[in-house]
Amino acid sequence: MTPSTPDGDFSTLFNFLPIGAYRSSSDGHMIRANQALVELNGYETEAEMIEGVKDIAIEWYVDPARRNEFKQQLERDGFVRGFISEIYRHKTRERVWISENAHAVRNVAGELRYYEGTVEDITERIRSQKAVRESEEQLRLITSQVPGMVFSVFVKPDGQREYLYVSPGVRDIYGFEPEDLLRDPLLASRYRHPDDQAILEQDMQDIQRGPVDLGGEFRIVLPDGNVKWVYRRSYAVTVGPEGTHRVGVLLDITARKQAEAALHANEALWKLALESAGDGVWEWNPQTDQGFVSVGIKNMLGYGDEDLFNLDALTHSDDIPQMRADRQAHFDGHLPAYRNEHRIRCRDGSWKWVLSRGMVIARDEDGQPLRIVGTHTDITEHKLAEAQQRVLEVQLRESQKMEAIGTLAGGVAHDFNNLLAAILGNLVLAREDVGDGHPAQESLTEINRAAIRARQLVQQILTFSRRQTQEMVRQPLTPLVEEALGLMRSLLPAGIKLVARLPGRGLPVQADATQMQQVLMNLCTNAWQAMDGQAGDITVALREVSLDASKALQLGGVPSGTYACLSVADNGPGMDEDTQRRIFEPFFTTKAPGAGTGLGLAVVHGIVKAHRGAIQIQSRSGEGARFDVYLPLASAAAQGDESPAPEAVAPQRPEAAVPGKHVIYIDDYEALVFLVGRLLRKQGYRASTFESGEAALDWLRAHPQEPVDLVVTDQNMPGLSGVEVAHLVRSLRPALRVAIVSGHVNDKLLAQAAEAGVREVLGKQDSMDALGEAIRNLLEQPAA
């Protein structure tokens, strides 16, 4: 191999490369390094790095054996491409993943001069691959617990299918393996019962016409001739020009179908039993239109025993098409029995709802129905109850949606809390570093103020997601509204006039002040955004109202009594009934894509419900909208002077640390690990920090004689949890004190920690000073 170009020609490209580049000797010494590689290793200059690196094999690679593998490939092939290894940033000892490309440079005589290569940081790629693998394993574990077959399939416009995932439950239904269906997408369709092939063809036509939810029952025939009944439900996830991605589930319902068949075999006894039970029995010949109506039906409708009539003639005209369609579906064999609900006219002119059920018990030689027997059941009261049930179901779905968004918001808020903890902690250290008179103090103060506001918003999200305790305090509502309006006036765009109509008295309520101000801010923001840049008025009113039982029921069943009613009205475009029905749904928005999240009013709804209140909207298209928030007034027994808001107290510097104490701190969030380690050392402790419980345990095993006074570990981490770390630490050093930190301390965690011998469970601290004080208090306590 010919030598490389002279250094002068090489250096321009060498230093221009956006990824690391180097020259190294075969014995592991660094000869040259470009700026990208210098920075990757935590140095500032090439000279500093070359001076610091003595042996690449033992100082750079996490696994020193990788250097030998690297040299072996070079000696064998003369080059290395895509050589992936985990290394240490040489100066900081942070672990990262890299991909190397290198070749051996030899002189004219073939003697090795040095290695040249490039180094690319691929840590994020490795982490992403690991996350994908973990996600796939979680999906496999979840679907293995679901009865039946869970599947994900991509359907192309021409009807061709490609299964993306098939759960192991396919074995219980079809008898073949998931891999068989993944290889042959038409395998399952070949098991379809010949009489049910038309259902499959209709499904494919429906899919090609656009997004559709599919459900229904069909039969399959196994290779041994056995017939199974299967229930299928599937939904469209995405639809595009290349095809439709669908997910669904198949369930074996053979046992249920067999039970139904056994019941139908005793139809004659069924007829007599139902008549005895009070249901009216009817019989009908579809070919002659002659029939029989029992006394039970006549009494149900108010007719005498001698009265003759045709049931179809008494059926409500709006219900006849569906009734005939259901009959025909049973006649054609698509349904095992006839079933229909419809209205029928009584003798006095009133209407009753009946459930009509029947079955063909005789057919002619051509297979046409000759005799059908059935019953009429009065379900009028059931229909009235059903209407009330639908109202309750709407409320349940609303609750479930709010719970779902709460879970999502709580997860996001947890991550933000970690970020804000790092920001606020570093601010404290930075302000100490620069000193009180430094010009940067003003900017640092503004950053601190903004971070505190952000943390308050996070607390609101945590409260909404039920992960944060509400600060329910008896306090007057009027001052809270006035304070929020003062802030709102500075935020409103030009052309929007804010009108306040507030009472002279305070109207005391049990409320979280921050949340109630959030309600008002969100409602006002929704009002001015609805005006879409036009001029208009927003009126905020507060008054005392009395709710009787009827009005309380209309508001969702809140208790009757005296309430504070906070109203926000605008003279904007208003909204139609369909929009009003969905206005509090999470993620629902009438704004253009990207212009709103659809969470503002959902948050309002959640906060009001948490305060045992109610919210009502009144609006018509073109006539503006008004939101009324009802909050129960605080009881007379609780009245008195409201507690004033606590005054802000300037933060005090933490007391001196217990000198010479050694603290181990564990957290998977890298920024917090760095920050807490710096904080502890600045306060005079010896600190050893780790980004996983496994790493900390490895260190303890490797240093059995090293004194340690306290282990502080986060609870929620990938790999070992805080409780698991505590168990293992106590097994290594039974007398070593362990404390667990968690953002969600509950009874279950406390019990688990006690079982592990944990000395203390701490909530996530609001500041680094608070964490330092908590650690100092633990160290000052006598050993248990």
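Rules used in this analysis
Along each chain, numbering runs from 1 in the same order as the chain's sequence is written. Reporting of local features is limited, given that this is a predicted model, to residues whose pLDDT is at least 70; pairs of side-chain atoms are given and counted only at 80 or more, and all residues count toward the totals for whole chains, interfaces and linings. To get the side-chain values, all heavy atoms of the structure are used, and hydrogens and water are removed first. Note on conventions: DSSP H or I runs of at least 4 residues are helices, E runs of at least 2 residues are strands, and numbering of each starts at the N terminus. Per-residue accessibility, obtained with a 1.4 Å probe over protein chains only, is compared with the maximum for each type, and a residue is labelled buried under 20%, exposed over 50%, and partly exposed between these values. In what follows, residue pairs with any heavy atoms lying within 4.5 Å of each other are defined as contacts. A pair is scored as a salt bridge if a Lys or Arg side-chain nitrogen falls within 4 Å of a carboxyl oxygen belonging to Asp or Glu. The rule for pairing is simple: two strands pair if DSSP sees at least two bridges between them. For every element, the axis is a line fit to its C-alpha atoms; helices are fit only across the contacting stretch, and the angle between N-to-C directions ranges from 0 to 180 degrees. Residues are called lining when one of their atoms sits within 4 Å of a cavity or pocket point, these points coming from a 1 Å grid over the protein atoms alone, where a cavity is a set in which a 1.4 Å probe fits but cannot get out and a pocket is an open set with protein on both sides within 12 Å along at least five of seven lines. Grid points are joined across faces, edges and corners, and a volume is the space filled by probe spheres set on the points. Pairing of aromatic rings covers Phe, Tyr and Trp, the last counted by its six-membered ring, and requires centre-to-centre distances within 6.5 Å; plane angles under 30 degrees mean stacked, over 60 mean edge-to-face, and any other angle means tilted. Each ring is checked for a lysine NZ or an arginine CZ that lies within 6 Å of its centre and within 35 degrees of its normal; such an atom marks a charge sitting over the ring. Gly is placed with the polar residues, together with every amino acid not listed as nonpolar (Ala, Val, Leu, Ile, Met, Phe, Trp, Tyr, Cys and Pro) or charged (Asp, Glu, Lys and Arg). For our purposes a nonpolar core is just a set of buried Ala, Val, Leu, Ile, Met, Phe, Trp, Tyr and Cys residues, chained together by side-chain atoms within 4.5 Å. Patches draw on residues past 30% relative accessible area with no salt bridge. Two like charges within 9 Å are joined, as are two nonpolar side chains (Val, Leu, Ile, Met, Phe, Trp, Tyr) within 5 Å. For every accessible area listed, the method is Shrake-Rupley and the probe measures 1.4 Å; residues are considered covered only by the protein chains on display. Expected helix span is computed as 1.5 Å times (number of residues minus one). The predictor's confidence in any single residue is recorded as pLDDT, a number from 0 to 100. Whether a crossing is left-handed or right-handed is set by the direction in which the near helix is turned from the far one by less than a right angle, anticlockwise for left-handed and clockwise for right-handed.

Colleague: Looking at this model, I keep getting lost on the overall build of the chain. Mind explaining?
Modeller: A count of helical and extended segments in the chain gives 26 helices and 27 strands. Counting all 784 residues of the chain, 41% fall into the buried class. Contacts spanning at least 24 positions in sequence make up 59% of the contacts within the chain whose residues lie at least 6 apart.

Colleague: Would you explain the pattern of salt bridges in this entry?
Modeller: For side chains bearing opposite charge, pairing can occur when the charged atoms are close. For the coordinates displayed, the defined rule picks out 34 salt bridges. Between E46 and R32 there is a salt bridge, with the nearest N and O atoms lying 2.6 Å from each other. You can see E46 sitting in helix α3 (residues 46–52) and its partner R32 sitting in strand β2 (residues 30–33), a full 14 residues away along the chain. Between D121 and R89 there is a salt bridge, and its shortest N-O distance comes to 3.6 Å. With D121 in strand β5 (residues 112–121) and R89 in the loop between β3 (79–88) and β4 (95–106), this residue pair connects regions lying 32 residues apart in the sequence. The partly exposed category is assigned to D121, whose relative accessible area is 38%. Where salt bridges share partners, they join R89, E94 and D121 into one cluster.

Colleague: Please clarify how the sheet that holds strand β21 (residues 614–619) should be interpreted in this entry.
Modeller: Strands in a sheet are paired, the pairing made by backbone hydrogen bonds, and the direction either parallel or antiparallel. Within the open sheet, the 5 strands sit side by side as β17-β19-β20-β22-β21. Their pairing is mixed. Edge positions in the open sheet fall to β17 (496–501) and β21, since each of these has one partner strand only. Across the sheet, the axes of successive neighbouring strands diverge by a mean angle of 20°, strand direction being ignored. Bridge analysis of β21 against strand β22 (residues 625–632) gives 6 bridges, and the strand direction is antiparallel. Bridging from a neighbouring strand, Q618 pairs with R626 of β22.

Colleague: Is there a simple way to explain the layout of surface pockets in this structure?
Modeller: A water-sized probe rolled over the atoms picks out the places where empty space is left. In this structure, the second largest pocket spans a volume of roughly 1,700 Å³. Around the second largest pocket sit 36 residues that line it, and R95, R127, D668, E691 and S692 are the ones nearest its centre. Elements supplying a minimum of two residues to the lining of the second largest pocket: β3, β4, α6 (123–144), α22 (670–682), β24 (686–690) and α23 (693–702). If one sorts the elements of the lining of the second largest pocket by residue count, α6 sits on top with 9 residues.

Colleague: How should the packing of aromatic side chains be read in this particular structure?
Modeller: Given two aromatic rings, one states the distance between the centres and the angle between the planes to describe the pair. Scanning the entire structure with this criterion turns up 10 aromatic pairs. Judged by centre distance (6.3 Å) and plane angle (70°), the rings of W282 and Y338 are edge-to-face. Of this pair, W282 sits in strand β11 (residues 280–285) while Y338 sits in strand β13 (residues 338–345); the two residues are 56 residues apart in sequence, bridging distant segments of the chain. Classification of W282 by relative accessible area gives buried; the value is 7%. Taking relative accessible area as the criterion, Y338 reaches 2% and is therefore assigned buried. Geometry around F79 places R81 over its ring, the cationic atom sitting 4.3 Å from the centre. Lying across the ring of W229, K257 places its NZ or CZ 4.5 Å from the centre.

Colleague: Hey, could you run me through empty space enclosed by the protein in this one?
Modeller: Here the structure, examined in full by the defined rule, presents 3 cavities of 30 Å³ or more. Put simply, the largest cavity is a space of about 310 Å³. Lining the largest cavity are 20 residues, and of these F151, R161, Y163, L200 and R232 sit closest to its centre. Elements that contribute at least two residues to the lining of the largest cavity include exactly β6 (149–155), β7 (161–166), α9 (197–209), β8 (214–221), β9 (227–240) and β10 (243–252). Residues that form the lining of the largest cavity fall into these classes: 13 nonpolar, 2 polar and 5 charged.

Colleague: Would you mind showing me how to read the nonpolar core here?
Modeller: The tendency in soluble globular proteins is for nonpolar side chains to be buried side by side. The biggest cluster of nonpolar side chains holds 40 residues, and the ones touching the most others in it are L520, I538, V540 and F627. Top element by residues in this core is helix α18 (residues 513–530). It accounts for 7 residues.

Colleague: When you look at a nonpolar patch on the surface in this model, what are you seeing that I'm missing?
Modeller: On the surface, a nonpolar cluster with roughly 230 Å² of combined accessible area is contributed by Y235, V237 and V247. Looking at the secondary structure, you find V237 in strand β9. When its relative accessible area of 46% is taken as the criterion, V237 is described as partly exposed.

Colleague: Would you take a moment to explain helix α14 (residues 320–331) for this structure?
Modeller: For an α-helix, 3.6 residues make a turn, and residues three or four places apart therefore share a direction. Taking 1.5 Å of rise per residue, 12 residues should cover 16 Å, and α14 covers 16 Å from first to last C-alpha, within 8% of that figure. By the burial criterion, the buried members of α14 are I320, M323, D326, R327, A329, H330 and F331. Contacts made by the buried residues of α14 are with β11, α13 (311–314), β13, β14 (351–363) and β15 (369–378). Positioned one or two residues after α14, G333 has a phi angle of 90°, which is positive.

Colleague: For this particular structure, what's the right way to read the environment of G574?
Modeller: With respect to the helices, strands and loops of the structure, G574 is situated in the loop between β20 (561–570) and α20 (577–582). Between the alpha carbons of G574 and E623 there is a distance of 5.4 Å; along the sequence they are 49 residues apart.

Colleague: In this structure, what is going on with the confidence of the model for the chain? I would like to understand it.
Modeller: Segments scoring low in pLDDT should not have their predicted coordinates read at a detailed level. Here the chain averages 83 in pLDDT, while 85% of its residues score no lower than 70. Segment residues 1–8: pLDDT under 50, and 20 contacts once partners within four positions in sequence are set aside and those in other chains are kept. Contacts from residues 636–654, a stretch scored under 50 in pLDDT, to residues over four places away or in other chains number 14 contacts.

Colleague: Would you explain the packing of α18 against helix α21 (residues 600–610) in this entry?
Modeller: Packed helices, taken two at a time, are described by their axes: the angle between them and the distance between them. In contact at an axis separation of 9 Å, α18 and α21 are set at 145° when each is read in the N-to-C sense. Considering how the two elements wind past one another, α18 and α21 form a crossing that is left-handed. Between α18, through Q515, M516, Q518, V519, N522, L523 and N526, and α21, the contact on the second element is made entirely by G600, L601, V603, V604, I607 and V608. Of the residues that constitute the contact of α18 with α21, the class distribution is 8 nonpolar, 5 polar and no charged.

Colleague: Any chance you could explain the pairing of strand β19 (residues 536–547) here in plain terms?
Modeller: Taken residue by residue, a regular strand's side chains alternate between the two faces of the sheet. For β17 and β19, the ladder comprises 6 bridges, and the chain directions are parallel. Paired with I496 across the strands is G536, a residue of β19. Where β19 lies against β20, 10 bridges are found, and the strand directions are antiparallel. Looking at β20, one finds that E544 is bridged to A564.

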